[in-house]
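What follows is each chain in one-letter form.
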Amino acid sequence: MNRLAGKVALVTGAGRGIGAAIARAFAAEGAAVVLAELDGATAAATAREIANACEGARTLAVQTDVTQPASLRAAVQEAQRAFGPVDVLVNNAGINVFADPLTMTDDDWRRCFAVDLDGVWNGCRAVLPGMVERCAGSIINIASTHAFQIIPGCFPYPVAKHGVIGLTRALGIEYAPKNVRVNAIAPGYIETQLTHDWWNAQPDPEAARKATLELPPMKRIGRPEEVAMTAVFLASDEAPFINASCITIDGGRTALHHE
Ligand SMILES: NC(=O)c1ccc[n+]([C@@H]2O[C@H](COP(=O)([O-])OP(=O)(O)OC[C@H]3O[C@@H](n4cnc5c(N)ncnc54)[C@H](O)[C@@H]3O)[C@@H](O)[C@H]2O)c1
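Computed from a predicted model, the values in this text were never measured in an experiment. (Residues numbered from 1 in each chain as written. Predicted model: local features only at pLDDT ≥ 70, side-chain atom pairs only at ≥ 80, totals over all residues. Heavy atoms only, no water.)

Participant: Whenever I open this one, the pairing of strand β1 (residues 8-12) confuses me. Can you help?
Facilitator: With five of its five residues buried, β1 lies for the most part within the structure. The alternating pattern of β1 places Val8, Leu10 and Thr12 and Ala9 and Val11 on opposite faces, both of which are buried. Sheet topology places β1 next to strand β2 (residues 32-37); five bridges connect them, and they run parallel. By the bridge assignment for β2, Ala9 is matched with Val33. For the crossover that starts at β1, traverses helix α1 (residues 17-28) and ends in the parallel β2, the hand is right-handed. Note that β1 and strand β4 (residues 88-91) share three bridges and pair parallel. Residue pairing for β4: Leu10 is matched across the bridge by Leu89. (Buried < 20%, exposed > 50% of the residue type's maximum accessible area, 1.4 Å probe, protein only. Helix = DSSP H or I, 4+ residues; strand = E, 2+ residues; numbered from the N terminus. Pairing = 2+ DSSP bridges. Right-handed = clockwise from strand over helix to strand, strands pointing away.)

Following this line, the structure appears as structure tokens:
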């Protein structure tokens, strides 16, 4: 279990959910992991939990706001001071902003893009100079199946997630000659607090939960660990020719035309 031995990884939004699962899986594979998270207390608790569960794990929690370029630059510097240059960046932090386009406020639009698209660029911008200089690096952007498909009333989240795929492809091409790979993962429904919050916001949360479980052909939703396994693969030396790509993790849902 040393597929990431010697690597330094920074994972945004790693305090809980998919980001925490990725941080856990990276540490289990031997990477030193920086948990760059808005909620400093959650990040610290998750970092401690990983260190306790995984002998020899090297973790560092850094309170980080991905909407602020300076905050991400500082996190990358802290990572470098603690463990060395960042080899792997996972831009995972994201928020749901689901609204009707014409009643949505300008603030909703800006909030969504600040985290879900600017946040990804800010992360890339902070690590790319070092990766380009060292001619090595793997960036993994957590997109969504909303990057390809639209659910009415979920505006503008899919617009930002479409942008994440565009950013992934553009940067993947731009820095391919420098051996920096930029890929995306597009999860379908994954059971995290974000999903529970969405169910709880529906008029009948239990009916919403059941309906969600019926959507994928596999008749279940995904687990954060199932996204983490793919992130480990993309971060590792097992994926040296995978670049500017997106791997969908949705149990086949987006390939389904209809039942
Ligand atoms: N859960 C799903 O079904 C699902 C599906 C597709 C895509 N995604 C994407 O996966 C990613 C993680 O989702 P999740 O379900 O684990 O969400 P989550 O809400 O459980 O966790 C997100 C984490 O990001 C942190 N965060 C939020 N804003 C931040 C900021 N400005 N700076 C730093 N950290 C910040 C939060 O504090 C939280 O710890 C998101 O990009 C989301 O869009 C999730």
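Participant: Any chance you could explain the packing of helix α4 (residues 106-134) against helix α5 (residues 157-174) here in plain terms?
Facilitator: Two quantities define a packed helix pair, namely the angle between the helix axes and the distance between the axes. Here α4 crosses α5 at 20°, and the two axes come no closer than 8 Å. For the element pair α4 / α5, the angle class is roughly parallel. The two elements α4 and α5 cross, and the hand of that crossing is right-handed. Of α5, the residues touching α4 (which contributes Cys112, Phe113, Asp116, Leu117, Val120, Trp121, Cys124 and Leu128) are Tyr157, Val159, Ala160, Gly163, Val164, Leu167 and Leu171. Per-class residue counts for the contact of α4 with α5 are 13 nonpolar, one polar and one charged. (Axes fitted to C-alpha atoms, helices over the stretch in contact; angles between N-to-C directions. Parallel < 35°, antiparallel > 145°, perpendicular 65-115°, else oblique. Left-handed = near helix turned anticlockwise from the far one by under 90°. Contact = heavy atoms within 4.5 Å. Nonpolar A, V, L, I, M, F, W, Y, C, P; charged D, E, K, R; others polar.)

Participant: Just checking my understanding: could you explain the pairing of β4 for this structure?
Facilitator: Remark: a regular strand shows side chains that alternate across the two faces of the sheet. Neither face of β4 is exposed, since Val88 and Val90 on one face and Leu89 and Asn91 on the opposite face are all buried. As judged from the four bridges shared by β4 and strand β6 (residues 137-142), these two strands associate in the parallel manner. Bridge assignment links Val90 to a residue of β6, and that residue is Ile140.

Participant: Please clarify how the pattern of salt bridges should be interpreted in this entry.
Facilitator: Pairs can form between side chains of opposite charge whenever their charged atoms are close. Scanning the entire structure with this criterion turns up twelve salt bridges. Each member of the salt-bridge network shares a partner with another, and the members are Arg220, Arg223, Glu225 and Glu226. (Salt bridge = Lys/Arg side-chain N within 4 Å of Asp/Glu carboxyl O.)

Participant: Please clarify how the packing of helix α3 (residues 69-83) against α4 should be interpreted in this entry.
Facilitator: Relative to each other, α3 and α4 sit at 40°, their axes nearing to 9 Å. The pairing of α3 with α4 is recorded here as oblique in orientation. Viewed along their axes, α3 and α4 form a crossing whose handedness is right-handed. Across the interface between the two elements, Pro69, Leu72, Arg73 and Val76 from α3 touch Gly119, Asn122, Gly123, Ala126 and Val127 from α4. A per-class count over the contact of α3 with α4 returns five nonpolar, three polar and one charged.

Participant: Where do I start with the packing of aromatic side chains in this structure?
Facilitator: Note on aromatic pairs: each is described by the distance of the centres and the angle between the planes. Under the defined criterion, the tally for this structure stands at four aromatic pairs. Measuring from centroid to centroid gives 5.4 Å for Phe98 and Tyr157, while their planes differ by 80°, and the two rings are edge-to-face. Here Tyr157 lies in helix α5 and Phe98 lies in strand β5 (residues 98-99), a separation of 59 residues in the sequence. What links up through ring pairs into an aromatic cluster is the set Trp109, Phe113 and Phe155. (Phe/Tyr/Trp six-rings, centres within 6.5 Å; stacked < 30°, edge-to-face > 60°.)

Participant: Looking at this structure, I do not really get the state of the cysteines. What am I missing?
Facilitator: A disulfide bridge is the covalent bond that connects two cysteines by way of their sulfur atoms. Taken as a whole and assessed by the stated rule, the structure comprises zero disulfides. Just so you know, Cys135 is unpaired, no disulfide at all, and the nearest cysteine sulfur is the one on Cys124, 17 Å from it. Looking at the unpaired Cys246, the closest cysteine sulfur is the one in Cys124, lying at 14 Å. What makes Cys246 partly exposed here is its relative accessible area of 28%. (Disulfide = S-S within 2.5 Å.)

What is shown is where atoms sit, not what they do.
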